[in-house]
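Structural description and commentary
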Amino acid sequence: MHITLIRHLPTEWNKAQKLQGRKDIDLDPITEDFMSKIEENKVLLNVFAPFDLVLASTLKRTHQTAKLYGYKPETDALLDELDFGPYEGRSKEELIAAYEHQWLENPKNLILGESLVNLETRVISFLEKYKSYSNLLVFGHGSWIRAIVSYYHYGDINKMNKMTVDNNQCIRLRF
């Protein structure tokens with residue numbers, strides 16, 4: 001199975017470096033730079049197409065991004081962003097200050113608004129649910145994408161916070 005992942009385009013909170021989690025925030029107006037990057041990614045998507053299924057989380061920023069790419073995705077809550085609980089709307093630096101070693105080295109044991117074990121379970125459930133598909137396109141979120149990339153490379157999510165996934169970044173994995 002091939003999975004092509006695109007992180008949603010930026011929101012006001014992304015630009016302010018605030019953790020969004022489950023807050024359902026609209027995209028910011030799209031700049032020329034991002035429109036150019038969308039066009040570059042579309043060239044890749046044309047190479048990877050056709051997709052058996054296009055998916056997005058329940059949060060509108062992923063659907064708005066998919067629409068800018070010309071897709072109308074199906075919705076799956078397994079793709080929802082990590083619930084950061086009391087850290088939603090706060091800076092990532094505040095979260096790291098509170099949990100630095102654990103956030104970087106062993107996030108799986110953290111419980112914020114949702115346990116990171118649950119995030120890993122959602123990634124595994126997603127892979128199981130869609131294993132019969134050969135080519136998926138997913139519009140998702142930073143933590144969820146980092147979690148699946150860590151799971152892909154290392155067999156768990158514990159390295160997810162040692163990587164970054166930029167807004168509008170396109171990643172392709174083969175399971």
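Refer to the structure printed above.
An account of the accompanying structure is given in this report. As the structure is a prediction and not an experimental result, all values here were calculated from the model. (Residues numbered from 1 in each chain as written. Predicted model: local features only at pLDDT ≥ 70, side-chain atom pairs only at ≥ 80, totals over all residues. Heavy atoms only, no water.)

**Comments concerning the packing of aromatic side chains**
Under the criterion given, the structure shown has nine aromatic pairs. The interplanar angle of 50° and the centroid separation of 4.9 Å between the aromatic rings of F126 and Y130 together place this pair among those described as tilted. Since its relative accessible area comes to 7%, Y130 is described here as buried. Judged by centre distance (5.0 Å) and plane angle (75°), the ring pair of Y152 and F175 falls under edge-to-face. Taken as a pair, Y152 in helix α6 (residues 142-154) and F175 in the segment after β5 (170-174) lie far apart in primary sequence, 23 residues in all. An aromatic cluster of three or more residues is present, and its members are F51, Y69, Y71 and F139. (Phe/Tyr/Trp six-rings, centres within 6.5 Å; stacked < 30°, edge-to-face > 60°. Buried < 20%, exposed > 50% of the residue type's maximum accessible area, 1.4 Å probe, protein only. Helix = DSSP H or I, 4+ residues; strand = E, 2+ residues; numbered from the N terminus.)

**Let's talk about the sheet that holds strand β4 (residues 135-140)**
Read from one edge of the open sheet, five strands run β3-β2-β4-β1-β5, paired in mixed fashion. Each having just a single partner strand, β3 (74-75) and β5 make up the two edges of the open sheet. Here helix α3 (residues 60-68) sits on the sheet in contact with β1 (2-7), β2 (53-56), β3 and β4, set at roughly 125° to β4. Along the sheet, α6 contacts β1, β4 and β5; its crossing angle with β1, the most-contacted strand, is approximately 150°. (Pairing = 2+ DSSP bridges. Contact = heavy atoms within 4.5 Å. Axes fitted to C-alpha atoms, helices over the stretch in contact; angles between N-to-C directions.)

**Brief notes about the nonpolar core**
Within the largest apolar cluster, 34 residues are counted, with the highest numbers of intra-cluster contacts made by I3, L5, F126, W144 and I148. Counting only elements with at least two residues in this core, the list comes to β1, β2, α4 (92-105), α5 (116-129), β4, α6 and β5. Each residue touching F126, except ones within four places of it in the same chain, is listed here: I3, L55, L78, L79, L136, V138, W144 and I148. L27, L45, F51 and F139 belong to the second largest nonpolar core, which has twelve residues in total. (Core = buried A, V, L, I, M, F, W, Y, C linked by side-chain atoms within 4.5 Å.)

**With respect to unusual backbone geometry**
At the junction of A49 and P50, the peptide bond is cis and its omega measures out at 5° in the coordinates. Within the secondary structure, P50 sits in the loop between α2 (32-48) and β2. For N168, which is not glycine, the phi torsion reads 75° and is therefore positive. The exposure class assigned to N168 is buried, which follows from its relative accessible area of 0%.

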